[in-house]
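Coordinate inspection notes
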Amino acid sequence: CVFIFMMSVLSDFRSTMDMGYILWYVPTESQPWIEYKVPNWAPKEKVKEVFDKGEGDFISFRIAGMPLHWKLINFIIIICPKVFIWKKTAKYG
């Protein structure tokens, strides 16, 4: 029973660590995280008609750079409390 509990708690800790890795490895500069890609081989309206696509199909999201102040805010407001709660849960759980 304790083993199953610790497995679920470790899963949450691993996701918190992954969030920390993302904050560490994402470039510390402001970059766009959304991109609108219109095909250049045909007009947009023709592509929408032939492939039955809407405007939302031309939008893509990605992990982009984040300014340092936002990294610090995410670390202090999200990661630190999650690690604290995880530590208390694992110890007293």
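I will try to describe carefully the structure that is included in this document. This structure is a prediction, so every number in the text was calculated from the model and none was measured.

1. Here we look at the overall build of the chain
The number of helices and strands found in the chain is three helices and two strands. Going from N to C terminus, the chain has its helices and strands arranged as α-β-α-β-α. What you see for the chain is a C-alpha radius of gyration of 21 Å, clearly larger than the 12 Å of a compact globule of 93 residues, by over 25%. For the chain, the spread of C-alpha atoms along the principal axes amounts to about 60 × 35 × 15 Å. With 93 residues in all, the chain has 15% of them scored as buried. Of the contacts made within the chain by residues no fewer than 6 positions apart, 75% connect residues no fewer than 24 positions apart. Carbon and sulfur atoms provide 68% of the accessible area of the chain, an area that totals close to 7,600 Å². Separation between the mean location of the 12 positive side-chain charges and that of the 9 negative ones in the chain comes to 13 Å.

2. Considering the pattern of salt bridges
Inspection of the entire model under this criterion finds six salt bridges. Among the ionic pairs, aspartate 12 bridges to lysine 82, the shortest N-O distance being 3.8 Å. A residue pair is termed long-range when its members are at least 10 positions apart, and aspartate 12 in helix 1 (residues 2–25) and lysine 82 in helix 3 (residues 68–92) qualify at 70 residues. Where lysine 48 meets glutamate 55, a salt bridge forms, and the shortest distance between an N and an O atom there is 2.8 Å. Judged by its relative accessible area of 18%, lysine 48 is buried. When salt bridges that share partners are traced, they join Lys44, Glu45, Lys48 and Glu55 into one network.

3. Considerations on the side chain of lysine 71
For lysine 71, the location among the structural elements is in helix 3. Buried and without a salt bridge, lysine 71 has glutamate 29 as its closest oppositely charged side chain, separated by 9.5 Å. Here valine 26 takes part through its backbone oxygen, which lies 2.5 Å from a polar atom of the side chain of lysine 71. Those residues in contact with lysine 71, other than ones at most four positions away along the chain, are Leu23, Trp24, Val26, Pro27, Thr28 and Met66.

Each value, and the rule that gives it
- Residues numbered from 1 in each chain as written.
- Predicted model: local features only at pLDDT ≥ 70, side-chain atom pairs only at ≥ 80, totals over all residues.
- Heavy atoms only, no water.
- Helix = DSSP H or I, 4+ residues; strand = E, 2+ residues; numbered from the N terminus.
- Rg over C-alpha atoms; globule rule 2.2 N^0.38 Å.
- Buried < 20%, exposed > 50% of the residue type's maximum accessible area, 1.4 Å probe, protein only.
- Contact = heavy atoms within 4.5 Å.
- Areas by Shrake-Rupley, 256 points an atom, 1.4 Å probe, with all protein chains shown as cover.
- Lys, Arg positive; Asp, Glu negative; His and termini not counted.
- Charge placed at Lys NZ, Arg CZ, Asp CG, Glu CD.
- Salt bridge = Lys/Arg side-chain N within 4 Å of Asp/Glu carboxyl O.
- Polar contact = N/O pair within 3.5 Å; in protein donor to acceptor, adjacent residues only side chain to side chain.

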